[in-house]
Amino acid sequence: MHVDSEFTVGVHILLLYAYIEEDKITSEIAAKSIGCNPVIVRKVFSKLSKAGLLRPGKGNARTVLARPAKDITLKDIFLATQEETVEETFNMYPTNPGCPVGSEIHDILYGRFNSAMNAMLKDLSKTTIAKLTSELPADRNRLPESLRI
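Going along each chain's sequence as written, the residues are numbered from 1 onward. Since the coordinates come from a predicted model, pLDDT governs what is reported: local features require at least 70, and pairs of side-chain atoms require 80 or more to be given and counted, while whole-chain, interface and lining totals use all residues. Note that water and hydrogens are dropped before the side-chain values are worked out from all heavy atoms of the structure.

Asker: Could you clarify how one ought to interpret the overall build of the protein in this entry?
Answerer: Secondary structure follows DSSP: runs of H or I at least 4 residues long count as helices, runs of E at least 2 residues long count as strands, and numbering of each begins at the N terminus. A count of helical and extended segments in the protein gives seven helices and two strands. N-terminal to C-terminal, the α/β element order of the protein is α-α-α-β-β-α-α-α-α. For 149 residues, the compact-globule estimate of 2.2 N^0.38 gives 15 Å, and the C-alpha radius of gyration of the protein, at 19 Å, exceeds that figure by more than 25%. Overall size of the protein, expressed as C-alpha extent along the three principal axes, is 65 × 30 × 25 Å. A 1.4 Å probe rolled over the protein chains alone gives each residue an accessible area, and that area as a share of the maximum for its type sets the label: buried under 20%, exposed over 50%, partly exposed in between. Within the protein, the proportion of its 149 residues that are buried is 34%. Total accessible area computed for the protein in this model is approximately 8,900 Å², and 55% of it derives from carbon and sulfur atoms. Positive and negative side-chain charges of the protein, numbering 19 and 18 respectively, have mean locations separated by a distance of 6 Å. Atoms counted for the radius of gyration: C-alpha only. Globule rule: 2.2 Å times residue count to the power 0.38. Methods summary: accessible areas were calculated by the Shrake-Rupley approach with a probe of 1.4 Å, and residue burial reflects only the protein chains presented. Positive: Lys, Arg. Negative: Asp, Glu. His and the chain ends are not part of the count. Where a charge lies is defined by one atom per residue type: Lys uses NZ, Arg uses CZ, Asp uses CG and Glu uses CD.

Structural data, given as structure tokens:
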């Protein structure tokens, strides 16, 4: 299955906003924490905002989670960052309709792949940002100097 890095970048971004309570997190700071380009962070940030997971701060205001961390699941983040269908996720390639296998394989597999996707989403819905935040060390919820700009 193909899940691109935007999903894990999205999780990382939301964990930063949930965990780092007092410092303002910019795309540059998030990019340093993640180890990627700030453009990627801004792209994912936009998707998270459109999905109602982040509320951008106006002016000097701090960006915040758009709803409580206990109400944001990994499923929410997955759906916000992944734009693929079941067929694309499982790479359903074109086949020869003249072949008895090729003409039927998509129909035979689609239900199973759809079931697998639904099982994954069900499992992702069980983990919240609050749960993940609780697994981080409670005494380190400030930005280290190395991440400050």
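Still more to cover.
Asker: Would you mind showing me how to read the pattern of salt bridges here?
Answerer: Between side chains of opposite charge, a pair can form when the charged atoms approach closely. The term salt bridge refers to a side-chain nitrogen of Lys or Arg lying within 4 Å of a carboxyl oxygen of Asp or Glu. For the structure on display, the rule yields six salt bridges. For R67, the salt bridge goes to D76, with nearest N and O atoms at 2.7 Å. Judged by relative accessible area, R67 falls into the partly exposed class, the value being 28%. The salt bridge partner of E135 is K131, with a shortest N-O separation of 3.2 Å. Beyond isolated ion pairs, a larger network of salt bridges with shared partners links E6, K43 and K47.

Asker: Before we go on, may I ask you to explain helix 3 (residues 38-50) in this structure?
Answerer: Because an α-helix packs 3.6 residues into every turn, residues spaced three or four apart end up facing the same way. The length a helix should cover is 1.5 Å for every residue beyond the first. For helix 3, which comprises 13 residues, the first-to-last C-alpha distance of 18 Å matches the rise-based estimate of 18 Å (1.5 Å per residue) to within 8%. Those residues of helix 3 lying buried are V41, V44, F45, K47 and L48. Looking straight down helix 3, one finds its buried side chains confined to an arc of 160 degrees; they lie on one side. Facing away from the buried side of helix 3, by more than 90 degrees, are the exposed residues V39 and K50. The directions from the helix axis to the C-beta atoms are what the arc is built from.

Asker: Where do I start with the nonpolar core in this structure?
Answerer: Nonpolar side chains in soluble globular proteins generally cluster together in the buried interior. Core analysis: the largest hydrophobic core is formed by 36 residues, its most contacted members being L14, L48 and I77. If you list the elements that add at least two residues to this core, you get helix 1 (6-19), helix 2 (27-34), helix 3, helix 4 (74-81) and helix 6 (105-124). Considering every element that reaches this core, the biggest residue donor is helix 1, with ten residues. Aside from chain neighbours lying at most four places away, what touches L14 is L48, L53, L54, L65, I72, I77 and I129. In this description, a nonpolar core means a group of buried Ala, Val, Leu, Ile, Met, Phe, Trp, Tyr and Cys residues linked to one another through side-chain atoms lying within 4.5 Å. Contacts are assigned to residue pairs that have any heavy atoms within 4.5 Å of one another.

Everything listed here is a matter of geometry and, on its own, says nothing about what the molecule does.
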